[in-house]
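For reference, the chains in residue letters:
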Amino acid sequence: MISEKMRPFLANNSAIRMMFEEGKKMAELYGADKVYDFSLGNPNVPAPQRVNQAMKDILDEEDPLFVHGYMSNAGYPEVREAIAENLNQRFGTKFAGRNLIMTVGAGSGLNVALKTLLDPGDEVITFAPYFLEYRAYVTNYDGVLVTVEPDQETFQINREAFRAKITAKTKAVIINNPNNPTGVVYSEETIRALAAILEEKQKAYGHAIYLISDEPYRELVFDGATVPFVTEYYDNTIVVYSYSKSLSLPGERIGYVLIPDEVEESAMTIDAATIANRISGCVNAPSLVQLAVGRCVDCQADLAFYDRNRKTLYEGLTELGFTCVRPQGAFYLWMKVPTADGTDASAAEAVFVSAAKKYHILIVPGSSFACPGYVRLAYCVSYETIVNSLPEFAKLSQEFIVKTC
Ligand code: PLP
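Residues numbered from 1 in each chain as written. Predicted model: local features only at pLDDT ≥ 70, side-chain atom pairs only at ≥ 80, totals over all residues. Heavy atoms only, no water.

### A short note on the overall build of the chain
To keep things clear, this is the line we draw: Helical segments are the DSSP runs of H or I of at least four residues, strand segments are the runs of E of at least two, and each set is numbered from the N terminus. Computation of the radius of gyration draws on C-alpha atoms, with the globule rule given as 2.2 Å multiplied by the number of residues to the power 0.38. The buried label goes to any residue with under 20% of its type's maximum accessible area, the exposed label to any with over 50%, and the partly exposed label to all in between, with areas taken from a 1.4 Å probe on protein chains only. Residues are treated as being in contact if the distance between any of their heavy atoms lies within 4.5 Å. Working definition of accessibility: Shrake-Rupley area with a 1.4 Å probe, residue cover restricted to the visible protein chains. Counting rule for charge: Lys and Arg are taken as positive, Asp and Glu as negative, and neither His nor the chain ends is counted. By convention, the charge on Lys lies at NZ, on Arg at CZ, on Asp at CG and on Glu at CD.
Helix and strand counts for the chain come out as 14 helices and 13 strands. Taken over the C-alpha trace, the chain has a radius of gyration of 21 Å; the compact-globule value for 405 residues is 22 Å, and the two agree within 12%. Dimensions of the chain, computed from the C-alpha atoms along their principal axes, are close to 60 × 55 × 55 Å. Expressed as a percentage of its 405 residues, the buried residues of the chain come to 56%. A separation of at least 24 residues holds for 74% of the contacts in the chain among residues at least 6 apart in sequence. About 17400 Å² of surface is accessible on the chain, with carbon and sulfur atoms providing 53% of the total. Here the chain carries 37 positive and 50 negative side-chain charges, and the mean point of each set is 4 Å from the other.

Okay, here's the thing in structure tokens:
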């Protein structure tokens, strides 16, 4: 018999994943070019050629025992040093290779960080709307996820609501910047305010409160937006990074956890995280792609591709009368359900998502991010998908926007 802990997962399997499967079925039925699948954050831009070449070169040049063998549980020292050096150049930091633990993507990195920090009953705060896997990751270690309601004007952090949620049991806070699902970039002012509240509460409760900064979209920013490097603002920061989005490598499963020397008991925390990586069963991050990213630390994401999609979609939808948050980062657009005001937002959202399917448009309901009344569109799709979806969105808008005027 399966565990009590797993039962709820069967009942509430990921809506995003289900929609992705549905999209594939619809594509078989109607043809891939007639389905506008904005469900999954699976990059449509191929990985940079340099990454592929690095993999080939590594296979040709290096000893197979080195390339395919076990290495230190934290990863190859030379890869960790290359990444630390690159971060130091970009952000003026002073990291060493020992501050990094290579992980099986950010998902695993978050699990490593939480396993390292949490005792049963510890509280972890995050901000709605949020990547819903955070809830599962926190409960994996018998922690309790506490959510802060959004500021629906800006989708920056709701500071007073955050302050009110911190208790003696708060062990960690997770932020995601740039943000999935809103596409918002938390400003320097927001990060400074967050750090000040955390400093104040650490003093009041007499123990560390860790800030886990989940940054798979760090480089995906537009309109000149900058993402503050959080370790510079708050000492007890642990950064979780992934190459899934920046280098279009989600299936390869590669990322890292960064634990700076300024973190309380940093050496012990790094050792514990390295063990957490091993005993999670991952043992170490995959070797070939780990070596490849070590050779490609300065590779860039194809920002121009995402930017064109972002502008075309945002402008197209707002012209049709939809209310959207102008995305500054990641590759998501956060749109208000036109009929959500003053009614049951979850019900309005369900009707909207299902109506969109009539036009072969797949979008993810805001409740999948604990924020009903909105939908998320992942615009990491082909440009043709964006352009061809707009006449279908026009039909959807006639059903919803005209009706409510
Ligand atoms: N965190 C956020 C906010 C994400 O959106 C995702 C993936 O979509 C992840 C973590 C997990 O990324 P990875 O593929 O590196 O495990």
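### Structural notes on helix H11 (residues 287–295)
Counting buried residues along H11, eight of its nine residues qualify, which places the element largely inside the surrounding structure. Three or more residues of H11 are buried, namely Ser 287, Leu 288, Val 289, Gln 290, Leu 291, Ala 292, Val 293 and Gly 294.

### A word on a nonpolar patch on the surface
What counts here: Like-charged residues within 9 Å of one another, or nonpolar side chains (Val, Leu, Ile, Met, Phe, Trp, Tyr) within 5 Å, are grouped into patches, provided each residue has over 30% relative accessible area and no salt bridge. Put simply, a salt bridge is a Lys or Arg side-chain nitrogen that is within 4 Å of an Asp or Glu carboxyl oxygen.
Taken together, the side chains of Ile 2, Met 6, Phe 9 and Leu 10 make up a nonpolar region of the molecular surface, amounting to roughly 400 Å² of accessible area. Note on placement: Ile 2 falls in the segment before helix H1 (7–11). In this structure Ile 2 comes out as partly exposed when scored by relative accessible area, which is 43%.

### Structural notes on a negative patch on the surface
Taken together, Glu 199, Glu 232, Asp 235 and Glu 262 make up a surface patch of like negative charges. For Glu 262, the location among the structural elements is in the loop between strand E8 (255–258) and helix H10 (266–282). We classify Glu 262 as partly exposed; its relative accessible area is 49%.

### Describing the packing of aromatic side chains
Selection criterion: Here is the rule: rings of Phe, Tyr and Trp (six-membered ring for Trp) pair when centre to centre is within 6.5 Å. Planes less than 30 degrees apart are stacked, more than 60 are edge-to-face, and the remainder are tilted.
Inspection of the entire model under this criterion finds 22 aromatic pairs. Ring centres 5.1 Å apart and planes at 25° place the aromatic pair Tyr 241 and Tyr 256 in the stacked group. Taken as a pair, Tyr 241 in strand E7 (residues 237–242) and Tyr 256 in strand E8 lie far apart in primary sequence, 15 residues in all. A relative accessible area of 4% places Tyr 256 in the buried class. Between the aromatic rings of Phe 352 and Phe 400, the centroid separation amounts to 4.9 Å while the plane-to-plane angle is 90°, which identifies the pairing as edge-to-face. One end of the pair, Phe 352, is in helix H13 (residues 345–358); the other, Phe 400, is in helix H14 (residues 383–404), with 48 residues separating them in the sequence.

### Focus: the site of the ligand
Applicable threshold: Only a single heavy atom is needed: when it lies within 4 Å of a molecule or strand, its residue is near that molecule or strand. Each polar contact in these results corresponds to two N or O atoms within 3.5 Å; when the atoms are within protein, one needs to be able to donate a hydrogen and the other to accept it, and residues that are neighboring in sequence are counted only if both atoms are side-chain atoms. Under the scheme applied here, ten amino acids are nonpolar (Ala, Val, Leu, Ile, Met, Phe, Trp, Tyr, Cys and Pro), four are charged (Asp, Glu, Lys and Arg), and all others, including Gly, are polar.
What surrounds the ligand is a group of 14 residues, the closest being Ala 106, Asp 214, Tyr 217, Ser 242 and Arg 253. Take Asn 180: an N or O atom from its side chain is 2.7 Å from an oxygen atom of the ligand. Between the ligand and the protein, one listed contact pairs an oxygen atom with a side-chain N or O atom of Arg 253 at 2.7 Å. For the ligand, whose unbound accessible area comes to 390 Å², protein coverage reaches 91%. If one sorts the elements of the shell around the ligand by residue count, helix H6 (residues 105–117) sits on top with three residues. Residue composition of the shell around the ligand, by class: five nonpolar, six polar and three charged.

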